[in-house]
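Structure assessment
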Amino acid sequence: MLIDCHVHCSKRVSIARSNGSHYPTPNQLIEMMDEHGIDMALVMCGIGCECRNQFVSPEDVLELCALHPTRLIPTCCIDPRSGANSADTDFTRFFEFYKQAGCKSIGELTSCLPWDDPRVHNLFKYAQDWQMPITFHVAPEPIGYYGLVDELGLPGLERALQAFPELTFIGHSQPFWSHMSGDVDEESWKGYPKGPVVEGGRIPELFEKYSNLYGDLSAGSGHNAITRDEEAGLAFLERFQDRLFFGTDICYPGQELMQCEWFPRAREEGKIAEEVYEKVTWRNLNRVLELRLEG
């Protein structure tokens, strides 16, 4: 079994992304999954205006996933400003509708608001009450990026982890995974730092301190976090084997899916124990999202 925690698709070709590409259609996505041995995938929404071109609503995701119900798993996404743009917005009707419709989590949250914004914490409160995990993107600055805005060292994320201990936070993006190493700085946390992982990284520290923090290993950011220093990456996988998810972040047809090559090879070479491989590639997501799949 191989379950991808993070993919994208859309009903139709829309405005090109900044690199000229387009999200795959559902059929194109399934073709890519078949090619790379991916059995199921969690489909992300795209509703934020910040640095986005292709909008994919939760209703779109539900419709797309219904075309391939045994392969695609729907998420929903709720902007913290939805409803009344207020810290007192009652999100009950949102969560009630999306959860009953079959959405398994919130993904991905890209609103360019501070982590400590009362509207963001209000959304977290409802997500915790409704037991809906959140895949989040981190922004290092409020202009020119998308995601919840934090500072170097991720203090905003830590305060949220403390304030909502029963909410599952699933980390994603360069500013998140760059904190694997203790030498991350104001420049390197915005990209894909290379070289050895130095002890004292905030990600291992936060994983150790907060059991409600999980990791989305998709995209170049997740792959780089594990492979930039393979020895350190393998140790991280072993240490936090119950809280990491395999993923690709498929965004366009023909995309290179590095994770689909690295994980099987690492298992074949004996670098990843079979139990760890099984957990990261499907059992963890199966458990957290309560998919009730049997391997």
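Criteria and cut-off values
Residues numbered from 1 in each chain as written. Predicted model: local features only at pLDDT ≥ 70, side-chain atom pairs only at ≥ 80, totals over all residues. Heavy atoms only, no water. Helix = DSSP H or I, 4+ residues; strand = E, 2+ residues; numbered from the N terminus. Contact = heavy atoms within 4.5 Å. Salt bridge = Lys/Arg side-chain N within 4 Å of Asp/Glu carboxyl O. Phe/Tyr/Trp six-rings, centres within 6.5 Å; stacked < 30°, edge-to-face > 60°. Lys NZ or Arg CZ within 6 Å of the ring centre and 35° of its normal.

Comments concerning the environment of T25
- Among the structural elements, T25 can be located in the loop between β1 (3–7) and α1 (26–35).
- Sequence separation between T25 and F97 is 72 residues; the distance between their C-alpha atoms is 25 Å.
- Among all residues touching T25, those that are not within four sequence positions of it are C9 and S10.

Quick notes on the pattern of salt bridges
- Taken as a whole and judged by the stated rule, the model has 17 salt bridges.
- R239 is the salt-bridge partner of E208, the closest N and O atoms lying 2.8 Å from each other. Taken together, the residues E208 in helix α7 (residues 202–209) and R239 in helix α9 (residues 230–239) connect sequence positions 31 residues apart.
- Bridged by salt links that share partners, the residues E158, R202, E205 and K209 form one connected network.

A short note on the packing of aromatic side chains
- Scanning the model with the defined rule gives 19 aromatic pairs in all.
- Taking the centre distance of 5.3 Å and the plane angle of 75° together, the rings of F97 and Y98 count as edge-to-face.
- Ring geometry for F136 and F169: centres 6.3 Å apart, planes at 70°, overall edge-to-face. One end of the pair, F136, is in strand β5 (residues 134–139); the other, F169, is in strand β7 (residues 169–172), with 33 residues separating them in the sequence.
- Members of the aromatic cluster, connected to one another through ring pairs, are W115, F124, F136, F164, F169, F176, W177, F207, F236 and F240.
- Across the ring face of Y126, the terminal group of K125 is positioned such that the distance to the ring centre comes to 3.9 Å.
- Sitting above the plane of the Y277 ring, R267 keeps its charged end 4.1 Å from the centroid.

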